[in-house]
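# A structural walkthrough
Here are the chains, one letter per residue:
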Amino acid sequence: DGGITQSPKYLFRKEGQNVTLSCEQNLNHDAMYWYRQDPGQGLRLIYYSQIVNDFQKGDIAEGYSVSREKKESFPLTVTSAQKNPTAFYLCASGTGREGNQPQHFGDGTRLSIL
Amino acid sequence: QKEVEQNSGPLSVPEGAIASLNCTYSDRGSQSFFWYRQYSGKSPELIMSIYSNGDKEDGRFTAQLNKASQYVSLLIRDSQPSDSATYLCAVGANNLFFGTGTRLTVIP
């Protein structure tokens with residue numbers, strides 16, 4: 001089945017540790033996105049990529065890093081510089097290079113601090 | 001900063017009633033408008049897209065767009081308890097911007 005796969009579903013980070021969240025899509029979408037959602041709040045854009053080997057910062061990129069080496073994959077690293085990483089992380093993909101196409105979401109990864 | 005505003009709710013309606021969810025946006029250049037449904041603990045699911053002024057119907061859902069008033073709404077007819085969720089409005093310009101969502105509760 002076509003879709004967006006995020007792993008792991010739950011992740012725990014120790015102090016000073018970097019962790020990487022996986023996002024893979026088989027929808028042949030050009031664009032991929034990472035959002036953070038805190039309880040009772042909306043989605044905040046962390047990073048996005050509209051083409052392989054290129055990505056742009058979103059509204060809250062500090063403490064995060066990404067790579068886009070393959071069209072299908074857009075992993076997010078939460079670095080130790082991100083002091084408040086506990087949140088629900090959502091990966092999305094879309095067909096268009098502009099914002100006029102919908103985005104489709106994976107099931108998300110819940111990250112907590114140990 | 002492009003803004004998308006939604007009433008956070010909660011909005012409570014009895015089963016079988018019409019639920020009306022509203023969204024306003026600040027960027028007049030916005031070209032595309034989407035409604036997502038998010039169940040508690042789950043990821044958002046696209047339920048409606050609308051690109052031009054007027055109404056668009058899909059089953060029990062109707063999206064309404066008024067670009068002059070910078071307003072988009074979602075009507076849910078014959079509301080069911082399974083419609084209880086948070087509904088996110090998303091507006092597209094050079095990127096996609098999300099509102100904070102309206103929590104809907106359908107009371108059996």
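To keep things clear, this report deals only with the structure shown in the data block. (Residues numbered from 1 in each chain as written. Chains lettered and ligands numbered in written order. Predicted model: local features only at pLDDT ≥ 70, side-chain atom pairs only at ≥ 80, totals over all residues. Heavy atoms only, no water.)

## A closer look at the overall build of chain B
In terms of helices and strands, chain B carries zero helices and eleven strands. Computed over C-alpha atoms, the radius of gyration of chain B comes to 13 Å, within 12% of the 13 Å expected from 2.2 N^0.38 for 108 residues, which places it in the range of a compact globule. Considering only C-alpha atoms, chain B reaches an extent of 40 × 30 × 20 Å along its principal axes. When the 108 residues of chain B are sorted by exposure, 44% land in the buried category. Contacts spanning at least 24 positions in sequence make up 53% of the contacts within chain B whose residues lie at least 6 apart. (Helix = DSSP H or I, 4+ residues; strand = E, 2+ residues; numbered from the N terminus. Rg over C-alpha atoms; globule rule 2.2 N^0.38 Å. Buried < 20%, exposed > 50% of the residue type's maximum accessible area, 1.4 Å probe, protein only. Contact = heavy atoms within 4.5 Å.)

## Describing the interface of chain B and chain A
Taken together, the contact between chain B and chain A spans 20 residues of the former and 21 residues of the latter. Contact with chain A buries surface across chain B, with B:Ser43, B:Asn95 and B:Phe98 losing the most and accounting together for 29% of the total. The tally of links between chain B and chain A comes to four residue pairs in polar contact (both at pLDDT 80 or more). Of all the elements in the fold, those that place two or more residues in the side of chain B that touches chain A are strand S4 (32-38), strand S9 (85-92) and strand S10 (96-98) of chain B. With four residues, the single largest contributor to the side of chain B that touches chain A is S4(B). Looking at side-chain class alone, the side of chain B that touches chain A contains nine nonpolar, ten polar and one charged residues. (Buried area = accessible area lost by both parts, 1.4 Å probe. Polar contact = N/O pair within 3.5 Å; in protein donor to acceptor, adjacent residues only side chain to side chain. Nonpolar A, V, L, I, M, F, W, Y, C, P; charged D, E, K, R; others polar.)

## A look at the sheet that holds strand S1 (residues 4-7) of chain A
Residue and element names in this part refer to chain A. The antiparallel open sheet is built from four strands, whose spatial order is S1-S3-S8-S7. Edge positions in the sheet fall to S1 and strand S7 (64-66), since each of these pairs with one other strand and no more. Between one strand axis and the next, the sheet turns through 20° on average, direction left out of account. In this sheet, strand S8 (residues 76-78) lies alongside S7 in antiparallel orientation, the contact comprising three bridges. Note on S8: the bridge partner recorded for Tyr64 is Val78. (Pairing = 2+ DSSP bridges. Axes fitted to C-alpha atoms, helices over the stretch in contact; angles between N-to-C directions.)

## Topic: the environment of A:Pro102
Tracing the sequence through the fold places A:Pro102 in the loop between strand S9 (87-94) and strand S10 (104-105). Here the alpha-carbon distance between A:Pro102 and A:Ala92, two residues ten residues apart in the chain, equals 9.6 Å. If near-sequence neighbours (up to four positions away) are discounted, A:Pro102 is found in contact with A:Ser93, A:Gly94, B:Phe34, B:Tyr36, B:Leu46 and B:Tyr51.

## Topic: the pairing of strand S6 (residues 54-58) of chain B
Residue and element names in this part refer to chain B. Where S6 lies against strand S7 (residues 61-66), five bridges are found, and the strand directions are antiparallel. Within S7, the residue paired with Lys56 across the bridge is Ala63. In this antiparallel pair of consecutive strands, S6 and S7, the connection spans two residues, and Gly59 shows a positive phi of 65°.

## Quick notes on the pattern of salt bridges
Opposite charge on two side chains permits pairing when their charged atoms draw close. Residue and element names in this part refer to chain A. The final tally for this structure, using the stated rule, is six salt bridges over all chains. Linking Lys71 and Asp30 is a salt bridge whose minimum nitrogen-to-oxygen distance equals 3.4 Å. Residue Lys71 is located in the loop between S7 and S8, and its partner Asp30 is located in the loop between strand S3 (19-25) and strand S4 (31-37); the two are separated by 41 residues in the primary sequence. We classify Lys71 as partly exposed; its relative accessible area is 24%. For Asp30, a relative accessible area of 28% gives the class partly exposed. Put simply, Asp38 and Arg44 hold a salt bridge, and the shortest N to O gap is 2.7 Å. (Salt bridge = Lys/Arg side-chain N within 4 Å of Asp/Glu carboxyl O.)

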